[in-house]
Amino acid sequence: MSSGHAPTSSSPANAALEGGDDAVLPFAVEALDLRGRAVRLGPSIDTILRRHGYPDAVARLIGEAAALTVLLGSSLKLEGRFQLQTKTDGPVGMLVVDFEAPDRLRATARFEAEPVAALGPKARAADLMGRGHLAMTIDQGASQSRYQGVVALEGQSLEEAAHQYFRQSEQIPTLVRLAVAEQMEGGESRWRAGGLLVQFLPTSPDRLRQADLPPGDAPEGHEILTGGPGEDDAWTEARSLVNTVEDHELVDPAVSSERLLYRLFHERGVRVFDAQEVVERCRCSQERVMGMIRSFSPEERRDMVADDGSIGITCEFCSRRYVLDPAEVEREIAAPGA
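Calculation criteria
- Residues numbered from 1 in each chain as written.
- Predicted model: local features only at pLDDT ≥ 70, side-chain atom pairs only at ≥ 80, totals over all residues.
- Heavy atoms only, no water.
- Helix = DSSP H or I, 4+ residues; strand = E, 2+ residues; numbered from the N terminus.
- Buried < 20%, exposed > 50% of the residue type's maximum accessible area, 1.4 Å probe, protein only.
- Contact = heavy atoms within 4.5 Å.
- Areas by Shrake-Rupley, 256 points an atom, 1.4 Å probe, with all protein chains shown as cover.
- Phe/Tyr/Trp six-rings, centres within 6.5 Å; stacked < 30°, edge-to-face > 60°.
- Pairing = 2+ DSSP bridges.
- Axes fitted to C-alpha atoms, helices over the stretch in contact; angles between N-to-C directions.
- pLDDT = per-residue confidence, 0-100.
- Core = buried A, V, L, I, M, F, W, Y, C linked by side-chain atoms within 4.5 Å.
- Salt bridge = Lys/Arg side-chain N within 4 Å of Asp/Glu carboxyl O.

Undergrad: Help me out: how do you make sense of the overall build of the protein chain in this one?
TA: If you tally the helices and strands in the protein chain, you get 12 helices and 14 strands. Going through the 338 residues of the protein chain one by one, you find that 47% of them count as buried. The contacts of the protein chain with a sequence gap of at least 6 include a subset with a gap of at least 24, amounting to 64%. Split by element, the accessible area of the protein chain, about 16400 Å² in all, is 47% carbon and sulfur.

Below you can see the structure in the form of C-alpha cells.
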C-alpha cells in the first residue's frame, strides 16, 4: 500500500479526497490505534440485485451481506476467496456472497416469495433469516489451510453477527456498520450499499484485553461491544465517533468514503491508503459446469436431459445459461484424462 494522504493536512475540498463507487478504502488512525476499511458499492451491487429482480427486502439483505463480505474479504492478499454463507429457517433460507481476491464480487439468495412479501419491503434482517448459522470461509488455495468461522443466527442482524464473529473468533475489538438504499440517479432508481469496519489494534497486548468482552455469547439483554469499566480510552473514543455515522452517509454518492473518514477522524489524523476496485464478476464457466456435471452418476446425467434433448444449466449467481449436448458431455467425460 502507498503511504496514502497526509493525516491532517488534507480536507474534504481536496481532490485527493474524492472517492468513487465500487471501491474499498483501507485507512488507519494511528493516534487511536485503529485500522479499518470503508466500502462503497454502486453499479456492482445494482447489477447483482436487478439481474434477479429480488424483492426490496431481500435486495437490502443481500446488499448488506455484500458490503460485509467485501469489508472482510478485501484483507486477502494476491489471491484467495472469502465466502459468506447463511443457512437458516426463515423466508430467506440461504445467502451466498463470494469475494475473490483481489476484486471480484458475486452474490445470490434463495427465498420464499410469499413469506417475504408478507413481511413487507422493510422487513428486518432477523425476520428474513430466522434461526440457523452464518459461515465465513477463507480459502487461499491448495498451499494454505482453509479456515471457517461459524456464528449462530438467533434473531440478530448481520452487523451483530459480525460483532459476534470477531468477539468469539478473532478476539479483536471491532465495530461494523452496514447500510443499503435505493436511490434516484439520473432519473433511474439504483441500488447502493456501503459499510465501515473499524478495529482496535494497539501494540500492547494488555491494552487489547477488554474487560467488557466476555468469552462466549454476550449475556442476554446486553449489546455486543458495549462500553464499560476497563475499556481503553482510545477504543471508547473510536466507538463514539463511529456511532455518529448515519446510514445515508454510508451510501450517499455525494459523501465519499474519504469525506466520511475525514469527518470522523480529522482531529486525530486519519491516513487513507490506495483504494481497491470492486467488480461484479461471476466465476462460472463452461469448464466449471463440466466439472460439476462429472460429479453426477450416468443415471443422474440422463435425468438432466430436457425434452428438447439438451442439458441446461443456469448459474444461480449471474443467471448465465449453459446448454450442453448430452452426447458431447459423455464423450468428454469418457475421454482419457477427463
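Undergrad: For this particular structure, what's the right way to read the packing of aromatic side chains?
TA: Each aromatic ring pair is characterised by the separation of its centres together with the angle its planes make. Counting across every chain of the model gives 4 aromatic pairs. Between Tyr-165 and Phe-166, the ring centres sit 5.2 Å apart and the planes meet at 75 degrees, which makes this aromatic pair edge-to-face. Classification of Tyr-165 as buried rests on a relative accessible area of 4%. For Phe-166, a relative accessible area of 7% translates into the label buried.

Undergrad: How should the sheet that holds strand 3 (residues 81-88) be read in this particular structure?
TA: Two strands in a sheet stick together by hydrogen bonds in their backbones, pointing the same way (parallel) or opposite ways (antiparallel). Within the open sheet, the 6 strands sit side by side as 7-6-3-4-5-12. Their pairing is mixed. A single partner strand is all that each edge strand has here, and the edge strands are strand 7 (147-154) and strand 12 (279-280). Where strand 4 (residues 92-100) and strand 5 (residues 104-111) come together, 8 bridges link them in antiparallel fashion. Bridged to Val-97 within strand 5 is Ala-107. Across the sheet, helix 2 (residues 56-73) touches strand 3, strand 4, strand 5 and strand 6 (131-139), and the angle it forms with strand 4 is around 35 degrees.

Undergrad: Whenever I open this one, the confidence of the model for the protein chain confuses me. Can you help?
TA: Interpreting fine coordinate detail is not advised for predicted regions of low pLDDT. On average, residues of the protein chain score 86 in pLDDT, and 85% of them reach the 70 mark or higher. Below a pLDDT of 50 lies the segment residues 1-18, which in the model reaches 39 contacts outside its immediate sequence neighbourhood of four places, other chains included. In this model residues 210-229 is a low-confidence stretch, pLDDT under 50, and it forms 36 contacts with partners more than four residues away in sequence or in other chains.

Undergrad: Is there a simple way to explain the pairing of strand 1 (residues 23-29) in this structure?
TA: Moving residue by residue along a regular strand, the side chains alternate between the two faces of the sheet. Summarising burial for strand 1: 7 of the 7 residues are buried, a large majority. The alternating pattern of strand 1 places Ala-23, Leu-25, Phe-27 and Val-29 on one face and Val-24, Pro-26 and Ala-28 on the opposite face, and all of these are buried. As defined by bridge partners, strand 1 adjoins strand 2 (residues 34-41) across 7 bridges and the pair is classed as antiparallel. The partner of Val-29 across the bridge, within strand 2, is Leu-34. Turn length for the strand 1-strand 2 hairpin, with the two strands adjacent in sequence and antiparallel, is 4 residues, and the turn residue Asp-33 shows positive phi of about 55 degrees. When strand 1 meets strand 11 (residues 276-277), the two strands line up antiparallel, connected through 2 bridges. In the sheet register, Val-24 faces strand 11, and the bridge partner there is Gln-276. Bridge count between strand 1 and strand 10 (residues 271-272): 2 bridges; the pairing is antiparallel. The partner of Ala-28 across the bridge, within strand 10, is Arg-271.

Undergrad: Would you mind going over the pairing of strand 6 with me for this structure?
TA: Sheet topology places strand 3 next to strand 6; 8 bridges connect them, and they run antiparallel. Each bridged residue has a counterpart across the sheet, and for Phe-82 the counterpart in strand 6 is Ile-138. Direction of pairing for strand 6 relative to strand 7: antiparallel, over a ladder of 8 bridges. Looking across to strand 7, one finds that His-133 is bridged to Ala-152.

Undergrad: Help me out: how do you make sense of the nonpolar core in this one?
TA: Taken as a class, soluble globular proteins show a tendency for nonpolar side chains to be buried jointly. With 51 residues, the main nonpolar core has Leu-41, Leu-49, Leu-61, Ile-62, Val-92, Leu-95 and Leu-105 as its most contacted residues. Among the elements that make up this core, the one with the highest residue count is helix 2 (12 residues). With sequence-adjacent residues up to four places away left out, Leu-95 is seen in contact with Leu-61, Ile-62, Ala-65, Leu-84, Gln-85, Thr-86, Thr-108, Ala-109 and Met-129. Of all hydrophobic cores here, the second largest spans 26 residues; its members include Ala-179, Val-245, Leu-260 and Phe-265.

Undergrad: Whenever I open this one, the pattern of salt bridges confuses me. Can you help?
TA: When their charged atoms lie close together, side chains carrying opposite charge are able to pair. Counted according to the given criterion, the structure contains 19 salt bridges. The closest approach of N and O atoms between Glu-30 and Arg-271, which form a salt bridge, is 3.7 Å. A residue pair is termed long-range when its members are at least 10 positions apart, and Glu-30 in the loop between strand 1 and strand 2 and Arg-271 in strand 10 qualify at 241 residues. Residue Glu-159 pairs with Arg-177 through a salt bridge whose shortest N-O separation is 3.7 Å. Here Arg-177 lies in strand 8 (residues 174-185) and Glu-159 lies in helix 5 (residues 158-170), a separation of 18 residues in the sequence. An identical accessibility class is assigned to Glu-159 and Arg-177; each is buried. Through salt bridges with shared partners, a single network forms among Asp-46, Arg-50, Glu-182, Glu-188 and Arg-190.

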